[in-house]
Amino acid sequence: ATPQPHTERHETLLSAQASQREPKKKRKGRKEETMSFAAANACVPNASSVFAKTTTTTTKKKKKNVIAQKTQKKCIVSAEATKQAHEGIAEPHESTLASMRMSSRNSPPSSSPSSSGTYAHEGITEAHESSLASMRLAPARGANTATTSSASSKADGKNTLYFSATCPFCHKVWITMLEKNVSFDGFVWEDLENKSEALCKTFAAGSPDAEANPSVPVLSLSSGKIMIESDLVMNYFCCNETYPGVDLRPKTVEQRYDGQLFENTFNTVVPAFFKCLRAKNEAELESAISEVEHALTKADRCLQMNPSFGGDNGNYCCGNQFTSHDCATMGFLSRLRIVLKHYRNYDLNNTLQKLPWLKSWADAVEAHPSLLKTYELIPGIVGKASVDEAFIAHFAKFVSWRSTN
C-alpha cells in the first residue's frame, strides 16, 4: 500500500476522532436538556402539593377558631360560676374565729372549778426556781380555766401557752421549757375533758383545719403568732436563742442525725401504746404488745449503732449532751411503765432487761432533774395523790375492755 502523505493522513485521523466524539456531544446535549427540564419543573409547584398545603392551612385556621370559641365559653362559665359562688357573701371575713368554731363550742363553757389547787413551790431547785414561779404552774383553787385564759390573752400583750400536765405530748414541751428557763405569765393548765373557750378559739385561729378537735399544746405569742403541734412548739423553744437556758441542739451534724434517728424510731412505740389501750380482746392486745416490743427493740439498735452513745461517751441519745431528742422521747417511758402495767399488766422492766442499750438510756433520762421536777409538780396541778394516779386517770378514757389475765 502506498503511504499517504502526512497531511492527508492527518486529516483522516481528525475525521475519525470527530466521528467518535459526536455521540458524546449528543449525550451531553440530552443531559443538559433533562437538567433544564427538571430545573423548570422545580420552579413550578405541583398541583397536589399546593392542594395539600392549602388544606393544612385551612384546617389550622378552623382549629384556632374552635379553640377560641371554647376558651370564650370557658371564660363565660368561670365568670358565672364565680358570681354564683360569691352570691350571699356580705362580709367574707367577719367574725373569723366564730366561723371557725366547732359545733360543740356553741355551748357555753362549763364554770366548774378546776380540780387543781394552788401548789406550793417549796423545794424547787435554784436552776428552775425563777422560771417555775413565773410560769404560774397552777391556777388558784376555784379558778375557772377560761377565766385564767382570758387573763393572759393577746390583748394583754402576753405569751400564752395552753397546756395539760398529764398529756405526753405537752410533757416534752414542758421539759424543754424547764431546760431553757422559759418564763412568762400566761401558763394555762387545761382540763382536756372540759376545754376552755379561749383554747378552742386560739386553736381554731392557728390550725390549718379550723374544725379539728382542739389539742394541746397551743402557744399564742404576744406578736399574734399562734403555734400548734408539740414538736413545732418544742422546736420553737429549742431554737430561740433569747432564752438563756441549756442549748438542747446536738453539737455536730452526725449527732443530730443519730439523735433524730433515735427519736423517730423510739416514737413508733406511741401508736402501739394506744393500740394496747384500745384493744378489744386478747388477740388485739397480744398483737399490740408485740408492736411495742418491736419498736423498743429498734430503738435499742439505734443506740447500739450510735458511736457517741455508751460508756465514757454518756448515756443520753447523743452521748454526754442532753438534747431535744431526749426531751421528745423520755416522757413516754413513764406512760409505758405505769399505764400499761395498770391496764394491760405489761412490765416494761422485763423488756428493758433484754435491751441493755435502751435500758442504759432509760436509766439516764429518768434520773434527769427536769423530768423529776415535772413528776414533783403534776400531782398538785391535777389534784391527784401521785404521778401514777394522775397518768392512770388521764388514759382511762381510751380503755373499754379489760383483760381477765
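Refer to the preceding data block for the structure.
The rules behind the values
Residues numbered from 1 in each chain as written. Predicted model: local features only at pLDDT ≥ 70, side-chain atom pairs only at ≥ 80, totals over all residues. Heavy atoms only, no water. Helix = DSSP H or I, 4+ residues; strand = E, 2+ residues; numbered from the N terminus. Buried < 20%, exposed > 50% of the residue type's maximum accessible area, 1.4 Å probe, protein only. Contact = heavy atoms within 4.5 Å. Areas by Shrake-Rupley, 256 points an atom, 1.4 Å probe, with all protein chains shown as cover. Pairing = 2+ DSSP bridges. Axes fitted to C-alpha atoms, helices over the stretch in contact; angles between N-to-C directions. Phe/Tyr/Trp six-rings, centres within 6.5 Å; stacked < 30°, edge-to-face > 60°. Lys NZ or Arg CZ within 6 Å of the ring centre and 35° of its normal. Core = buried A, V, L, I, M, F, W, Y, C linked by side-chain atoms within 4.5 Å. Parallel < 35°, antiparallel > 145°, perpendicular 65-115°, else oblique. Nonpolar A, V, L, I, M, F, W, Y, C, P; charged D, E, K, R; others polar. Salt bridge = Lys/Arg side-chain N within 4 Å of Asp/Glu carboxyl O.

Visitor: Would you explain the overall build of the chain in this entry?
Guide: Of regular secondary structure, the chain possesses 16 helices and 4 strands. Out of the 405 residues belonging to the chain, those deemed buried represent 39%. Intrachain contacts of the chain at a sequence separation of at least 6 include 74% that bridge at least 24 residues. With the model as given, the accessible surface of the chain reaches about 23,200 Å², and the carbon-plus-sulfur share is 54%.

Visitor: Would you mind going over helix H16 (residues 387-394) with me for this structure?
Guide: Side chains that are three or four residues apart share a direction in an α-helix, a result of its 3.6 residues per turn. Listed as buried for H16 are Val 387, Ala 390, Phe 391, Ile 392 and His 394. Tucked inside the fold, the buried residues of H16 contact helix H6 (168-180), helix H12 (324-344) and helix H15 (369-382).

Visitor: In this structure, what is going on with the sheet that holds strand E3 (residues 218-220)? I would like to understand it.
Guide: With mixed pairing, the 4 strands of this open sheet are ordered in space as E2-E1-E3-E4. Strands at the two margins of the open sheet, each flanked by one partner only, are strand E2 (186-189) and strand E4 (226-228). Strand-to-strand twist across the sheet, computed as the mean angle between neighbouring axes with direction ignored, equals 15 degrees. Note: strand E1 (residues 160-163) against E3, 3 bridges, orientation antiparallel. The residue bridging Tyr 162 from the neighbouring strand is Val 218, located in E3. Running at roughly 90 degrees to E4, helix H7 (residues 197-206) makes contact with E1, E3 and E4 of the sheet. In the packing of helix H8 (residues 230-239) onto the sheet, the strands contacted are E1, E3 and E4, and the crossing angle to E4 comes to about 125 degrees.

Visitor: What am I meant to see in the packing of aromatic side chains here?
Guide: Centre-to-centre distance and the angle between the planes together describe a pair of aromatic rings. For the coordinates displayed, the defined rule picks out 19 aromatic pairs. Residues Phe 187 and Trp 189 carry aromatic rings whose centres are separated by 4.8 Å and whose planes lie at 65 degrees to one another, so their mutual orientation is edge-to-face. Ring plane angle 65 degrees and centroid distance 5.3 Å describe the contact between Tyr 236 and Phe 237, whose orientation is recorded as edge-to-face. Exposure remark for Phe 237: the relative accessible area of 0% places this residue in the buried category. Linked through ring pairs, Phe 169, Phe 273, Phe 274, Phe 332, Phe 395 and Phe 398 together constitute an aromatic cluster. The cationic tip of Arg 335 hangs over the ring face of Phe 391; the distance from NZ or CZ to the ring centre is 4.0 Å.

Visitor: How should I be thinking about the nonpolar core in this particular structure?
Guide: Generally speaking, nonpolar side chains in soluble globular proteins are found buried as a group. Membership of the largest hydrophobic core comes to 86 residues, with the highest contact counts inside it found for Trp 174, Phe 266, Leu 296, Leu 358 and Trp 361. A per-element tally of this core places H12 first, with 10 residues. For Leu 358, the residues in contact, after removing those within four places along its chain, are Phe 262, Phe 266, Leu 296, Ala 299, Asp 300, Leu 303 and Leu 352.

Visitor: Help me understand the packing of helix H11 (residues 282-305) against helix H14 (residues 356-365) in this model?
Guide: Pairs of packed helices are described in terms of their axes, by the angle between the two and the distance that separates them. It is at 7 Å that the axes of H11 and H14 come closest, and there the two elements cross at 85 degrees. Considering their axes alone, H11 and H14 lie roughly perpendicular with respect to each other. For the pair formed by H11 and H14, the contact residues are Leu 296, Ala 299, Asp 300, Leu 303 and Gln 304 on the first element and Pro 356, Trp 357, Leu 358 and Trp 361 on the second. Of the residues contributing to the contact of H11 with H14, the split by class is 7 nonpolar, 1 polar and 1 charged.

Visitor: Honestly, the pattern of salt bridges in this entry has me stumped. Any pointers?
Guide: Should their charged atoms come close, side chains of opposite charge can pair. Enumeration over the complete set of coordinates arrives at 9 salt bridges. We note a salt bridge from Glu 366 to Arg 337, for which the minimum N-O separation is 2.6 Å. Taken together, the residues Glu 366 in the loop between H14 and H15 and Arg 337 in helix H12 connect sequence positions 29 residues apart. On the accessibility criterion, Arg 337 (24% relative accessible area) is partly exposed. Close ionic contact of Lys 373 with Glu 376 constitutes a salt bridge, the shortest N to O distance being 2.4 Å. Here Lys 373 pairs with Glu 376, and both are found in helix H15, just 3 residues apart, close to one helical turn. For Glu 376, a relative accessible area of 32% corresponds to the partly exposed category.

Visitor: Help me out: how do you make sense of the side chain of Thr 166 in this one?
Guide: Here Thr 166 shows up in the loop between E1 and H6. In this view, Thr 166 contacts Arg 335, Ile 378, Val 382, Ala 390, Phe 391 and His 394; residues no more than four positions away in its chain are not counted.

Visitor: How should the environment of Glu 293 be read in this particular structure?
Guide: Positionally, Glu 293 belongs in helix H11. Relative accessible area serves as the criterion here: at 28%, Glu 293 is assigned to the partly exposed category. Spatially, the C-alpha atom of Glu 293 lies 9.9 Å from that of Leu 355, the residues being 62 residues apart in sequence. In contact with Glu 293, not counting residues within four places along its chain, are Tyr 346 and Thr 351.

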